[in-house]
Amino acid sequence: MVKKNAEKDVGFVRQFNELKKKHPDAVLLFRKGDFYEMYKEDALKASVILALKVSDKILPLEKDPIKLLTFPRHELDKHLPKLIRSGQRVAICEAIDQPNLKVTNNGSEKRNLTLTG
């Protein structure tokens, strides 16, 4: 079971890296269950704006810990306007196990990215 969770964590980092290449000017905000998470440089940037503490998360297959900023889902209405008012472009992402595409009920493909700001 630990291995499965570790693979999911690595998958989220891969998803972050791929989306960051496509949207380098956006702060990527990932929803994972009841929390929102930001990673790496986005976590550092948002921590200054939101006055929240950044932590280091150690992941398997990563040589260095990554920076992580997290807050509860119910605080999105408080934090999102602060990010946007500070001039940040924010992309809200649904963290998925397989970071490519999700297939909707009618069979069409859906990308899991919403840009605001």
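Residues numbered from 1 in each chain as written. Predicted model: local features only at pLDDT ≥ 70, side-chain atom pairs only at ≥ 80, totals over all residues. Heavy atoms only, no water.

Novice: I keep staring at the overall build of the protein and nothing clicks. Help me out?
Specialist: In terms of helices and strands, the protein carries 3 helices and 8 strands. Going from the N terminus to the C terminus, the protein shows its helices and strands as α-β-β-α-β-β-α-β-β-β-β. Among the 117 residues that make up the protein, the fraction classed as buried is 38%. In the protein, of all internal contacts separated by at least 6 residues, the share reaching a separation of at least 24 is 57%. Total accessible area on the protein is roughly 7400 Å²; 52% of this is exposed by carbon and sulfur atoms. (Helix = DSSP H or I, 4+ residues; strand = E, 2+ residues; numbered from the N terminus. Buried < 20%, exposed > 50% of the residue type's maximum accessible area, 1.4 Å probe, protein only. Contact = heavy atoms within 4.5 Å. Areas by Shrake-Rupley, 256 points an atom, 1.4 Å probe, with all protein chains shown as cover.)

Novice: I'm lost on helix α3 (residues 76-85) in this one. Help?
Specialist: Note: α-helices contain 3.6 residues per turn, so residues at a spacing of three or four share the same orientation. Taken together, the buried positions of α3 are occupied by Leu 76, His 79, Leu 80 and Leu 83. Buried residues of α3 fall within an arc of 100° about the axis and therefore sit on the same side. When the buried face of α3 is taken as reference, the exposed residues oriented beyond 90 degrees from it are Asp 77 and Arg 85. Immediately beyond the C-terminal end of α3, within one or two residues, lies Gly 87, with a positive phi of roughly 95°. (Arc of directions from axis to C-beta.)

Novice: What is the right way to read the environment of Met 38 from this model?
Specialist: Structurally, Met 38 can be placed in strand β2 (residues 35-39). Between the alpha carbons of Met 38 and Phe 16 there is a distance of 8.9 Å; along the sequence they are 22 residues apart. Other than its neighbours up to four places away in sequence, Met 38 contacts Val 27, Leu 28, Leu 29, Ala 43, Ala 46, Leu 50, Lys 67, Leu 68, Leu 69 and Phe 71.

Novice: Teacher, can you tell me more about the pattern of salt bridges here?
Specialist: When their charged atoms lie close together, side chains carrying opposite charge are able to pair. Under the defined criterion, the tally for this structure stands at 4 salt bridges. The salt bridge involving Lys 20 is made with Asp 42; its shortest N-O contact spans 2.6 Å. Placement of the pair is Lys 20 in helix α1 (residues 2-22) and Asp 42 in helix α2 (residues 40-50), with a sequence separation of 22 residues. As far as burial versus exposure is concerned, Lys 20 and Asp 42 are alike and both buried. Measuring nitrogen to oxygen at the nearest pair gives 3.6 Å for the salt bridge that ties Lys 32 to Glu 37. (Salt bridge = Lys/Arg side-chain N within 4 Å of Asp/Glu carboxyl O.)

Novice: What is the right way to look at the confidence of the model for the protein in this model?
Specialist: Regions with low pLDDT should not have their predicted coordinates read in detail. Residues of the protein with pLDDT of at least 70 account for 73%, and the chain-wide mean is 79. For the protein, per-element mean pLDDT is lowest for strand β7 (residues 109-110), which scores 40, and highest for α3, which scores 96. Counting interchain partners and residues more than four positions distant, the pLDDT-below-50 stretch residues 99-112 has 20 contacts. (pLDDT = per-residue confidence, 0-100.)

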